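Structural overview for review
In case you want the letters, here they are:
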Amino acid sequence: MENYLLVTGGAGFIGSNFIRRCLSVRPDWCIVNLDALTYAGNPANLEDLGPNLAARYQFIHGDIKDTALIDRIFSEHDLGGIVHFAAESHVDRSIVGPEAFVDTNVTGTFRLLEASRRNWGKGNVKKFFRFLHVSTDEVYGSLGSHGYFTEETAYDPSSPYSASKAASDHFVKAYFRTYGLPAMITNCSNNYGPYQFPEKLIPLMILNIIEERPLPVYGDGKNIRDWLYVVDHCDAIIKVLEEGRPGETYNIGGGAERENIEIVRLLCNLMDTRLGRSGDKSSHRLIQFVADRPGHDRRYAIDATKIKNQLGWKPGHEFEEAIEATVDWYINNLKWVNSVRSGEYRKWIETNYQGR
Ligand code: NAD
Ligand code: DAU
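Residues numbered from 1 in each chain as written. Chains lettered and ligands numbered in written order. Predicted model: local features only at pLDDT ≥ 70, side-chain atom pairs only at ≥ 80, totals over all residues. Heavy atoms only, no water.

Brief notes about the overall build of the protein chain
Helix and strand counts for the protein chain come out as 13 helices and 13 strands. Seen along its three principal axes, the alpha-carbon backbone of the protein chain occupies a region of about 70 × 45 × 40 Å. Looking at the protein chain residue by residue over its 356 residues, the buried ones come to 56%. Considering only residue pairs separated by 6 or more positions, the protein chain has 84% of its internal contacts joining residues 24 or more positions apart. With the model as given, the accessible surface of the protein chain reaches about 14,700 Å², and the carbon-plus-sulfur share is 49%. Treating the 40 positive side-chain charges of the protein chain as one cloud and the 46 negative ones as another, the clouds have centres 2 Å apart. (Helix = DSSP H or I, 4+ residues; strand = E, 2+ residues; numbered from the N terminus. Buried < 20%, exposed > 50% of the residue type's maximum accessible area, 1.4 Å probe, protein only. Contact = heavy atoms within 4.5 Å. Areas by Shrake-Rupley, 256 points an atom, 1.4 Å probe, with all protein chains shown as cover. Lys, Arg positive; Asp, Glu negative; His and termini not counted. Charge placed at Lys NZ, Arg CZ, Asp CG, Glu CD.)

A short note on the site of ligand 2
In the vicinity of ligand 2 there are 24 residues, among which Asp137, Tyr161, Arg293, His296 and Tyr353 approach most closely. The contact in question runs from an oxygen atom of ligand 2 to an N or O atom on the side chain of Asn190, over 2.8 Å. Here Arg293 contributes a side-chain N or O atom positioned 2.6 Å from an oxygen atom of ligand 2. Its free accessible area being 690 Å², ligand 2 has 95% of it covered by the protein chains. Put simply, the parts of the chain that give the shell around ligand 2 at least two residues each are helix H7 (201-210) and strand E8 (215-218). Looking at which element gives the most residues to the shell around ligand 2, the answer is E8, with three residues. Tallied by class, the residues present in the shell around ligand 2 amount to 10 nonpolar, eight polar and six charged. (Near = heavy atom within 4 Å. Polar contact = N/O pair within 3.5 Å; in protein donor to acceptor, adjacent residues only side chain to side chain. Nonpolar A, V, L, I, M, F, W, Y, C, P; charged D, E, K, R; others polar.)

Focus: helix H6 (residues 160-179)
Helix length check: H6 (20 residues) gives 28 Å between terminal C-alpha atoms against 28 Å at 1.5 Å per residue, within 8%. Residues Tyr161, Ser162, Ser164, Lys165, Ala166, Ser168, Asp169, Val172 and Tyr175 constitute the buried set of H6. Check the buried side of H6 and you find it contacts helix H4 (91-96), helix H5 (99-119), strand E5 (130-136) and strand E6 (183-188). Among the residues trailing H6, Gly180 stands out with phi positive, at a value near 75°. (Expected span 1.5 Å × (residues − 1).)

Details of the packing of helix H3 (residues 67-76) against H5
As a packed pair, H3 and H5 sit with axes 10 Å apart at the nearest point and diverge in direction by 40°. If you check the angle between H3 and H5, you find them oblique. Both H3 and H5 take part in a crossing whose hand is right-handed. Between H3 and H5, the residues in contact are Thr67, Ile70, Asp71 and Phe74 and Arg111, Leu112, Ala115, Ser116, Arg118 and Asn119, respectively. (Axes fitted to C-alpha atoms, helices over the stretch in contact; angles between N-to-C directions. Parallel < 35°, antiparallel > 145°, perpendicular 65-115°, else oblique. Left-handed = near helix turned anticlockwise from the far one by under 90°.)

As for the environment of Ile224
With respect to the helices, strands and loops of the structure, Ile224 is situated in strand E9 (residues 224-226). With near-sequence residues (within four places) excluded, Ile224 lies in contact with Glu257, Arg258, Glu259, Arg298, Arg299 and Tyr300.

Some points on the side chain of Ser164
Within the element layout of this structure, Ser164 appears in helix H6. A distance of 3.0 Å separates polar atoms of two side chains, one belonging to Ser164 and the other to Asn105.

A few points about the packing of aromatic side chains
Per the stated rule, a full pass over the model turns up 19 aromatic pairs. With a centroid separation of 5.8 Å and an interplanar angle of 85°, the aromatic rings of Tyr195 and Trp336 are classed as edge-to-face. You can see Tyr195 sitting in the loop between strand E7 (191-192) and H7 and its partner Trp336 sitting in helix H12 (residues 334-340), a full 141 residues away along the chain. Each member of the pair, Tyr195 together with Trp336, is buried. The interplanar angle of 85° and the centroid separation of 5.5 Å between the aromatic rings of Phe197 and Tyr345 together place this pair among those described as edge-to-face. You can see Phe197 sitting in the loop between E7 and H7 and its partner Tyr345 sitting in helix H13 (residues 343-353), a full 148 residues away along the chain. For the pair shown, Phe197 and Tyr345 are each scored as buried. (Phe/Tyr/Trp six-rings, centres within 6.5 Å; stacked < 30°, edge-to-face > 60°.)

With respect to the nonpolar core
Grouped together as the largest cluster of nonpolar side chains are 75 residues, with contacts concentrated most on Phe18, Val83, Leu267 and Ile307. Counting residues per element, this core draws most heavily on helix H8 (residues 230-243), which supplies eight residues. For Ile307, the contacting residues outside a window of four places in its chain are Ala236, Val240, Tyr250, Asn251, Ile252, Gly312 and Trp313. Grouped together as the second largest cluster of nonpolar side chains are 22 residues, Val32, Ile60, Phe74 and Ile82 included. (Core = buried A, V, L, I, M, F, W, Y, C linked by side-chain atoms within 4.5 Å.)

A short note on the environment of Thr150
Turning to its location among the elements, Thr150 is positioned in the loop between E5 and H6. A C-alpha to C-alpha distance of 28 Å links Thr150 and Phe197, two positions 47 residues apart in sequence. The contacts of Thr150, once residues within four sequence positions are left out, are Tyr140, Asn251 and Asp303.

Right, dumping it as structure tokens:
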């Protein structure tokens, strides 16, 4: 792995954790972070890097669809790879407004691939080059009570979000097959951890518990997600980047399947202990079953055998410990929470939960 890496969407949840992790565990890597700073992007996520890490980090405010800008980044840096996180990532938002998902996730990925094809192999781009596309298990659709998603599972997306990610995955595969671009895809399960935007289940519930607001559980609460600690995901991406084979897909999962209602009850228990609530003051009283998400996938579960056997990765954190660390992170970082809850955020919460 050569040492200049372009990270897209590095001001978001997983991207910022990835940059922090990479700069810490790979002291010879330099990172250029290209991010458009949508509602989900926050440069404050990386403000506290400290001088040692910050010296190897550069932020560029821009859009992945800006072809001239991508060409310029290629010409100014001897890139050894791109890790592509930038996306519209929230399923509920894709139901309300799908177009932005096509724009960023499909067109944006396509433009980035085109720029990579144009510049890869030119004099100023190192011989070792990898395009790592960060995708989701949602492209595989929904599982029943048995079975797991493998890399061979047929694509069957349910939401505009997952359809847009599926489309982008197909473009990445096509660029490998047609042009030989050394691209790889990772499809991972639900991440949790620090810096996750509080529109997603875990941070939303933690903050609503603190503020004694209703905890909206969609449908019967028995939908299952396979939870992956974000730092474990970042380590898996580093593995794939360094040792993965071009043209391959790697599934990444936490091996921690939980029903949504179990997650919400666990968060109530953890928060009650920390906030000194019990009896009729317990946070469990805030749980409310609300109208289901349209097209709501019932169960996701990853078979991560391939990345375990071929690259030697497995999750390094137990769910029970990492969820406690996550809860504590939010309690200790309310300043960050307030800084990301803009007027736009409040508008979204009002729109999404109104009438549910
Ligand atoms: P996020 O919404 O927290 O962050 C997305 C980032 O992309 C933001 O910083 C945003 O400003 C940036 N961005 C959006 N449009 C852009 C554009 N046109 N140009 C440049 N930057 C742009 O997302 P996340 O949860 O960190 O997810 C990162 C990636 O991982 C996404 O591709 C998502 O599909 C995938 N993924 C996420 C999860 C999860 O549980 N969060 C699981 C599987 C896969
Ligand atoms: O599986 C990977 C995917 O995980 C990623 O590709 C997406 O980017 C990421 O957002 C996430 O998608 P989900 O839709 O699974 O995550 P979310 O946190 O929105 O919801 C998790 C589950 O909780 C889901 O079954 C819906 C439910 N839910 C969610 C919210 C926000 C509720 O019951 N109430 C809520 O208020």
